[in-house]
Amino acid sequence: MSTGTDAASTSEATSPSAYRMLIGEDWVDAVSGETIEVITPVDRTRVIGTVPRARAQDADRAVAAARAAQPGWAALPFTERQRALLRIADDLEDVVEELAALTALDTGNAIRTQARPEAQLLVRAFRYFAGLAGEVKGVTLPVGADELSLTRRLPVGVVAGILPWNSPLMIAAFKVPAALVTGNAVVLKAAEDAPTTILELAAVCARHLPAGVLGVLTGYGPEVGQALVEHPGVDKVSFTGSTATGAGVAATAGERLAQVSLELGGKSPCIVFPDADTDDVVEQVLLATRFARQGQSCTSGSRLFLHEDIHDSFLEKLVAKVSQLRVGDPREESTDIGCIINQRQWDRVQSFIDEGLATEGVRVAYDGRERLTVGEPGFYHAPMILTQVDNGWRIAREEIFGPVLSVLRWREQDEVVAMANDSHYGLAAFVFARDVGMALGTAQRIESGWVQVNQGGAQQVGQSYGGMKGSGQGRELSLEGMLEGFTQIQQINARW
Ligand code: NAD
């Protein structure tokens, strides 16, 4: 792989890579010359690279390059954009293992269970959206023999894509190919904690795109992220991150009437009916917990609602499965669960664990710390399952973003639906019942943007992805999301 680095930027590079950002056709440092050290969560003492600390001036340069490039990109026949995306997909596929290895190193996501599937999804997303290039169509209205009423789907213009650290390539896959194929230029802001794979993605894209069509900035959110959101040259902000930051981004962008889409946090319910007390459902519930991503997933089914008739037997099976998971170095194939991104997040997860354990009435169903064989200098947390949890407790209301599962009992369907919906979040949900009518009936009552029935990890390229309530607005990853999120309609009425 090749970005504008001074050192080889492979996962095993011994000296830190000095990464640069992509602006126009150049790999550049920040105007200020400042840099940020990127530390691997595998080893808090190891700097794997430095990235430029971009600020407002750098945002100005990237947006100017994007604005200059966008009209020409949009004017190309759609087949040209399609071809560029397909070539990018082919080149990404060639380096998918390197991208996976780098993901493991800079996010801490385990290579087999997470990092590789994330890199593979990126390839699929580029191919999928390339295939949709010809679907950016308008419609005509039959108004009369000497009149035409027609619409065109135009790009929004310059899109700022703001990314989180938990699965950078996957979230970039939701935004970049859809925005590009519809004729937009994109300026990505990589997360400060995990920027390296995004720079490698840009290096591949740059080989097949006109200069300026894709730019990447690195730096801190309140500095360069905020500068992009405020920038009058940015037509749309596509943000993925926490609900608190997203609300601020929406307010700032709203002041200047820029378009915004928000993919935010979650506290997703996972409901198991009494007829679903099976090993297969246990496997799927385990996928839903996102323990394999250390629980650092916005769609984690972190509130498990077990019907009281099967509560104990289901929990016993789940605990047996969880106890077989190996927490370890994310670069090793045998690892199921990698490490937490940084000290701040590790401490935050720990504080939720401490609070949960100290709450009167809680019971510990599983405490993986007893089996944890890895630790410093990496940021490792073992899975923790707490039961007898009340839906009003903070561990059942707040997004922990760690491998902590809160288990709640229920008896009546109305009661569990009410508890599931008693949340300011509404991103994902999971319903397990052998009675499919019961499962689908329940699924339709859940206030979440994505409900899975009898499965826990079924994200498909092409499905509409996004949240309700405090989990966000707008949809990505689908044809509808692409059209709604990255195009605008121009109506033309003509008479002769
Ligand atoms: P975060 O909100 O702290 O940061 C996200 C991004 O926003 C980063 O690139 C950050 O630098 C930037 N940012 C911070 N302040 C900003 C500002 N004032 N203006 C512009 N940009 C700013 O989130 P995080 O800690 O990186 O990620 C974890 C959160 O992301 C969790 O809450 C998780 O649920 C959420 N998330 C949501 C989805 C989804 O699709 N719904 C996916 C992944 C992560």
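It should be emphasised that the depicted structure is a prediction, and the values quoted were computed from it without experimental measurement. (Residues numbered from 1 in each chain as written. Predicted model: local features only at pLDDT ≥ 70, side-chain atom pairs only at ≥ 80, totals over all residues. Heavy atoms only, no water.)

### A look at the domain arrangement of the protein chain
Thinking step 1. In terms of domain boundaries, the protein chain breaks down into domain 1 (17–264 + 472–495) and domain 2 (269–466).
Thinking step 2. Between the C-alpha centres of domain 1 and domain 2 there is a distance of 30 Å.
Thinking step 3. Every contact between the two is made by 39 residues of domain 1 and, on the other side, 40 residues of domain 2.
Thinking step 4. For the pair domain 1 and domain 2, the two sides together bury roughly 3200 Å², of which 53% comes from carbon and sulfur.
Thinking step 5. On the domain 1 side of the contact with domain 2, V42, R44 and W165 bury the most area, a combined 21% of that side's loss.
Thinking step 6. Applying the counting rule to domain 1 against domain 2 returns 3 salt bridges.
Thinking step 7. In this structure, R112 engages D336 in a salt bridge whose closest nitrogen and oxygen atoms are separated by 2.6 Å.
Thinking step 8. Here domain 1 is connected to domain 2 by 21 residue pairs in polar contact (both at pLDDT 80 or more).
Thinking step 9. Every element with two or more residues in the side of domain 1 that touches domain 2 is listed here: α3 (96–107), α4 (111–131), α5 (168–181) and α15 (479–486).
Thinking step 10. The leading source of residues in the side of domain 1 that touches domain 2 is α4, at 10 residues. (Domains from an automatic or database assignment. Contact = heavy atoms within 4.5 Å. Buried area = accessible area lost by both parts, 1.4 Å probe. Salt bridge = Lys/Arg side-chain N within 4 Å of Asp/Glu carboxyl O. Polar contact = N/O pair within 3.5 Å; in protein donor to acceptor, adjacent residues only side chain to side chain. Helix = DSSP H or I, 4+ residues; strand = E, 2+ residues; numbered from the N terminus.)

### Re the pairing of strand β20 (residues 450–453)
Thinking step 1. Across the two faces of β20 the burial differs, with W450 and Q452 buried and V451 and V453 not buried at all.
Thinking step 2. With 4 bridges connecting them, strand β19 (residues 428–432) and β20 associate as parallel partners. Counted as the bridge partner of A428 is W450 from β20.
Thinking step 3. At this point the chain moves from β19, through helix α14 (residues 436–443), to the parallel β20, and the crossover so formed is right-handed. (Buried < 20%, exposed > 50% of the residue type's maximum accessible area, 1.4 Å probe, protein only. Pairing = 2+ DSSP bridges. Right-handed = clockwise from strand over helix to strand, strands pointing away.)

### Quick word on the site of the ligand
Thinking step 1. As a structural note, the neighbourhood of the ligand is formed by 28 residues, with L163, E192, S242, L264 and E399 the closest of them.
Thinking step 2. Between the ligand and L163, the relevant distance is 2.6 Å, taken from an oxygen atom to a main-chain nitrogen or oxygen of the residue.
Thinking step 3. Here an oxygen atom of the ligand and a side-chain polar atom of E399 are 2.6 Å apart.
Thinking step 4. Assessed atom by atom at 2 Å from the grid points, the ligand resides in the largest pocket.
Thinking step 5. Residues that form the shell around the ligand fall into these classes: 15 nonpolar, 9 polar and 4 charged.
Thinking step 6. When residues of the shell around the ligand are assigned to domains, at least three map to each of domain 1 (17–264 + 472–495) and domain 2 (269–466). (Near = heavy atom within 4 Å. 1 Å grid on protein atoms, 1.4 Å probe; cavity = no way out; pocket = protein on both sides within 12 Å on 5 of 7 lines; lining within 4 Å. Sits in = over half its atoms within 2 Å of the grid points. Nonpolar A, V, L, I, M, F, W, Y, C, P; charged D, E, K, R; others polar.)

### Some words on the UniProt feature "domain: Aldehyde dehydrogenase" (unreviewed entry) in the protein chain
Thinking step 1. Taken from the UniProt record, the annotation "domain: Aldehyde dehydrogenase" (unreviewed entry) applies to residues 27–491.
Thinking step 2. Annotated as residues 27–491, this span is 40% helix and 20% strand, and its ends, taken at the C-alpha atoms, are 40 Å apart. (UniProt positions renumbered as here; feature names shortened; annotations may be inferred.)

### As for the nonpolar core
Across soluble globular proteins, nonpolar side chains have a tendency to be buried as a group.
Thinking step 1. In this structure, F126, V272, L318 and I385 are the most contacted members of the largest nonpolar core, which totals 97 residues.
Thinking step 2. The biggest single contributor to this core is α5, with 11 residues.
Thinking step 3. Two domains share this core, each providing at least three of its residues, namely domain 1 (17–264 + 472–495) and domain 2 (269–466). (Core = buried A, V, L, I, M, F, W, Y, C linked by side-chain atoms within 4.5 Å.)

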